[in-house]
Amino acid sequence: MERQLNEYLERIEKNLKPLPVAERVDIVQEIKSEMEELQQQGRTPEEILRRLGSSKELARAYLGDLIAREHSFSWGRVLAICAYYSLTGLSGIVVIPVLGICAPAFFLCGVAAPLAGILRMLNDLLRLGLPYVEYIGIAGVSNPVLVFALSAVIGGVLCALGYGCWKLLVLYIRSVSRVKKSLAN
C-alpha cells in the first residue's frame, strides 16, 4: 500500500485512540479494505484520499456511528462519547469563532472596498476635495477609474470569501448537530 494511504490510516488510528484496541483495529481494517478495493479499481492514492475526506472527519463519523449503534451502557460507548466530544469540542473552539468572525468581516470589507473606490473616483473626477480620500487606493495606481475597477474586483473576492466562510460554518454546525442527534437516540 502507498505511503500516503498508510499515513492516512495512522492518522485515523490516532484520532480513534480513546476507543478500545479491538474496535480501533476493526475500523482501521475496514478503511484499509476500502482503500485496497479502490486501488484494485484503478484509483490513484490521491483519488482515494479525496473520496475518504479528512481523517479527522472520518474518525468522527465512525465515533458517531459507534455511539448511535450501541443503546446500552458499555465502557466502549463511554469512551466513544468522550472521544467524539473531545474531537468536536476542540475543533469547535477554533472553527466556530474563526469562521464566525471571518464571514461578516469579509462581507463588510467586500462592501466597503467598492464604496471606497467609488468615493475616490468621485472625489477625483468632480474635484470635491474630501479630506483623507487621497489615501484610498491601490499601490502604484493613480487613475481613479482603475482604482474603482480594482476595488470592485477585490470587493467581489472578499464577498466570495465571506460567503465561503459562512457556508463552511453552517456545514460544520449541521454535521456536528447531525451526529449529536444520533447520539441522543
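My aim in this report is to walk through the structure given alongside it, one point at a time. Just so it is clear, the model here is predicted, and its values are computed rather than measured.

Conventions adopted
- Residues numbered from 1 in each chain as written.
- Predicted model: local features only at pLDDT ≥ 70, side-chain atom pairs only at ≥ 80, totals over all residues.
- Heavy atoms only, no water.
- Patch = residues over 30% accessible without salt bridge, like charges linked within 9 Å, V, L, I, M, F, W, Y side chains within 5 Å.
- Areas by Shrake-Rupley, 256 points an atom, 1.4 Å probe, with all protein chains shown as cover.
- Salt bridge = Lys/Arg side-chain N within 4 Å of Asp/Glu carboxyl O.
- Helix = DSSP H or I, 4+ residues; strand = E, 2+ residues; numbered from the N terminus.
- Axes fitted to C-alpha atoms, helices over the stretch in contact; angles between N-to-C directions.
- Parallel < 35°, antiparallel > 145°, perpendicular 65-115°, else oblique.
- Left-handed = near helix turned anticlockwise from the far one by under 90°.
- Contact = heavy atoms within 4.5 Å.
- Buried < 20%, exposed > 50% of the residue type's maximum accessible area, 1.4 Å probe, protein only.

1. Remarks on a nonpolar patch on the surface
- A cluster of nonpolar residues, V111, L115, I118, L119, L122, L125, L126, L128, L130 and V145, forms a patch on the protein surface that exposes about 850 Å² of accessible area.
- Looking at which element gives the most residues to the nonpolar patch, the answer is helix α5 (residues 75–126), with 7 residues.
- Its place among the elements puts L126 in helix α5.

2. Digging into unusual backbone geometry
- Even without being a glycine, R127 presents a positive backbone phi close to 50°.
- Phi is positive for Y132, which is not a glycine, with a value near 70°.
- Tracing the backbone through its elements, the reader meets Y132 in the loop between α5 and α6 (144–184).

3. Observations regarding the packing of helix α1 (residues 3–15) against helix α2 (residues 21–40)
- The geometry of α1 relative to α2 is characterised by a closest axis approach of 10 Å and an angle of 155° between their N-to-C directions. It follows from the interaxial angle that α1 and α2 lie roughly antiparallel. Read as a crossing pair, α1 and α2 show a hand that is right-handed. On α2, the residues touching L5, Y8, L9, I12 and E13 of α1 are R24, V28, I31, K32, M35 and Q39.

4. Comments concerning the pattern of salt bridges
- Taken as a whole, this structure holds 4 salt bridges when the rule is applied.
- Between E34 and R51 there is a salt bridge; the shortest N-O distance is 4.0 Å. One end of the pair, E34, is in helix α2; the other, R51, is in helix α3 (residues 45–52), with 17 residues separating them in the sequence.
- For E34, a relative accessible area of 28% translates into the label partly exposed.
- The class for R51 is exposed, based on a relative accessible area of 52%.
- Between R120 and D124 there is a salt bridge, and its shortest N-O distance comes to 2.9 Å. Here R120 pairs with D124, and both are found in helix α5, just 4 residues apart, close to one helical turn.

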